[in-house]
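So the chains spell out like this:
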Amino acid sequence: MIEIVELTKVYRTGGGIRDVTFEVKNGEIVGFVGVNGAGKTTTIETAVGVKIPQKGDVRIDGKSILKEKVEASKLTGWVPEIPSFDPDMRAEDYFLYVCGLRGISSHEAKELAKKLFEEVGLSGHERKRIRQYSQGMRKRLALAISMISNPSNFLFDEVLNGLDPEGIRFFREFALRMRKENAAVLFSSHILSEVQNLADKVVFIHKGRVVKVATMTEIESMSKTKTFRVRFASPESAQRSLELLRGFGKDVKVERGVVVIEEFNGDIEGIARAVKSFPDFLEMGWATKTLEDVFFETIGEAR
């Protein structure tokens, strides 16, 4: 479990984060969203102990990242947006070097390398120099290193950026597997469709402050509207249908060839009978918002 409590890290430039508070429970994937510079990376880097806050704390499975950093770090897997390695080292050698720093024996480290390189899809690439790795491969290497201590908490900072579809699918499936294994997963991303598909809860941050925390169930509830749409194959039919459809809502109009009914009265059977006479009627249904729509509404309100 990841508990972020009143985390504050302010830079001389005025940027940073202020009183950021939220939690990621075991068996939960939490999406962390905001515009560039909102404070996502600062929050994550402070949460894993790379940066020291002026106020607040982060508890990883109850261990303070400030007072019990070694213990808390062992419980944490972190993949930064741009992993930094010595480009001239071979990937396996770098992995073994990190294992050595953590007191793992040479034999055990080599067995662990074999297991984790296979798990993250880098089998056969162990002896390549890191400069030969693509961005996606470097992120997989960072993930393998983060898994050395078999953590139950993962923090991914824009991990999907720059990845091809195969890389995106890998991290998506990994996050889902970790949730199934009761791990806590926090990931920031600009790809809101992936957040919508993966997350159980979303934390919205703007100008260093958390402006909304909502479960996907709550977001789906926000997404429901009273707008109904009726689509025809031709704009002419849409226009002709207006007279029949005017009684089904407060405001009925045609937008880009689609009949839009605001404040729909809910008589779906009635509207189905009304459009039955149009041979080029295609479909009808409720207009829904995406996480992207909710995101921009939330950020707009924060501004």
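In short, a report on the structure.

Each value, and the rule that gives it
- Residues numbered from 1 in each chain as written.
- Predicted model: local features only at pLDDT ≥ 70, side-chain atom pairs only at ≥ 80, totals over all residues.
- Heavy atoms only, no water.
- Helix = DSSP H or I, 4+ residues; strand = E, 2+ residues; numbered from the N terminus.
- Buried < 20%, exposed > 50% of the residue type's maximum accessible area, 1.4 Å probe, protein only.
- Contact = heavy atoms within 4.5 Å.
- Areas by Shrake-Rupley, 256 points an atom, 1.4 Å probe, with all protein chains shown as cover.
- Lys, Arg positive; Asp, Glu negative; His and termini not counted.
- Charge placed at Lys NZ, Arg CZ, Asp CG, Glu CD.
- Salt bridge = Lys/Arg side-chain N within 4 Å of Asp/Glu carboxyl O.
- Arc of directions from axis to C-beta.
- 1 Å grid on protein atoms, 1.4 Å probe; cavity = no way out; pocket = protein on both sides within 12 Å on 5 of 7 lines; lining within 4 Å.
- Points joined across faces, edges and corners; volume = space filled by probe spheres on them.
- Nonpolar A, V, L, I, M, F, W, Y, C, P; charged D, E, K, R; others polar.
- Axes fitted to C-alpha atoms, helices over the stretch in contact; angles between N-to-C directions.
- Parallel < 35°, antiparallel > 145°, perpendicular 65-115°, else oblique.
- Left-handed = near helix turned anticlockwise from the far one by under 90°.

## Notes on the overall build of the protein
Here comes step 1: For the protein, the helix and strand inventory stands at twelve helices and 14 strands.
Here comes step 2: Principal-axis analysis of the C-alpha atoms gives the protein an extent of 80 × 45 × 35 Å.
Here comes step 3: Taken across its 303 residues, the protein has 46% of its residues classed as buried.
Here comes step 4: A separation threshold of at least 6 residues defines the contact pool for the protein, and within that pool the share at least 24 residues apart is 65%.
Here comes step 5: Summed over its atoms, the accessible surface of the protein is roughly 15,500 Å², and 48% of this surface lies on carbon and sulfur atoms.
Here comes step 6: Separation between the mean location of the 46 positive side-chain charges and that of the 44 negative ones in the protein comes to 3 Å.

## Looking at the pattern of salt bridges
Here comes step 1: Evaluation of the coordinates by the stated rule reveals 18 salt bridges.
Here comes step 2: Where Arg177 meets Glu119, a salt bridge forms, and the shortest distance between an N and an O atom there is 3.1 Å. Taken together, the residues Arg177 in helix H6 (residues 165-180) and Glu119 in helix H4 (residues 106-119) connect sequence positions 58 residues apart.
Here comes step 3: Among the residues examined, Arg177 registers a relative accessible area of 31% and is labelled partly exposed.
Here comes step 4: Between Arg246 and Glu243 there is a salt bridge; the shortest N-O distance is 3.4 Å.

## Overview of helix H11 (residues 268-275)
Here comes step 1: Every buried residue belonging to H11 is among Gly270, Ile271, Ala274 and Val275, and all of these are buried. For H11, the angular spread of the buried residues around the axis is 125°, confining them to a single face. Pointing more than 90 degrees away from the buried face of H11 are the exposed residues Glu269 and Arg273.

## As for empty space enclosed by the protein
Here comes step 1: Under the criterion given, the structure shown has one cavity of 30 Å³ or more.
Here comes step 2: Among the elements that make up the lining of the largest cavity, the one with the highest residue count is H6 (three residues).
Here comes step 3: Looking at side-chain class alone, the lining of the largest cavity contains seven nonpolar, no polar and one charged residues.

## Considering the packing of helix H3 (residues 91-101) against H4
Here comes step 1: As a packed pair, H3 and H4 sit with axes 10 Å apart at the nearest point and diverge in direction by 125°. One finds that H3 runs oblique with respect to H4. The handedness of the crossing between H3 and H4 comes out as right-handed. Note on element contacts: H4 touches H3 through Ala109, Lys110, Leu112, Ala113, Leu116 and Phe117, opposite Ala91, Glu92, Phe95, Leu96 and Cys99.
Here comes step 2: Residues of the contact of H3 with H4, tallied by class, amount to nine nonpolar, no polar and two charged.

## Looking at unusual backbone geometry
Here comes step 1: Of note, Asp19 is a non-glycine position whose phi angle comes to about 50°, a positive value.
Here comes step 2: Positive phi values are uncommon outside glycine, yet Asn150 reaches one of about 55°.
Here comes step 3: Along the chain, Asn150 turns up in the loop between helix H5 (135-146) and strand E7 (153-157).
Here comes step 4: Residue classification places Asn150 among the exposed residues on the basis of a relative accessible area of 66%.

## As for the layout of surface pockets
Here comes step 1: Approximately 620 Å³ is the volume attributed to the largest pocket.
Here comes step 2: Residue lining of the largest pocket: 22 residues in total, with Trp78, Val98, Arg102, Ile145 and Ser146 positioned closest to the centre.
Here comes step 3: Of all the secondary structure elements, the ones that give two or more residues to the lining of the largest pocket are helix H2 (69-74), strand E6 (76-79), H3 and H5.
Here comes step 4: Looking at side-chain class alone, the lining of the largest pocket contains 14 nonpolar, six polar and two charged residues.
Here comes step 5: A volume near 160 Å³ is recorded for the second largest pocket.

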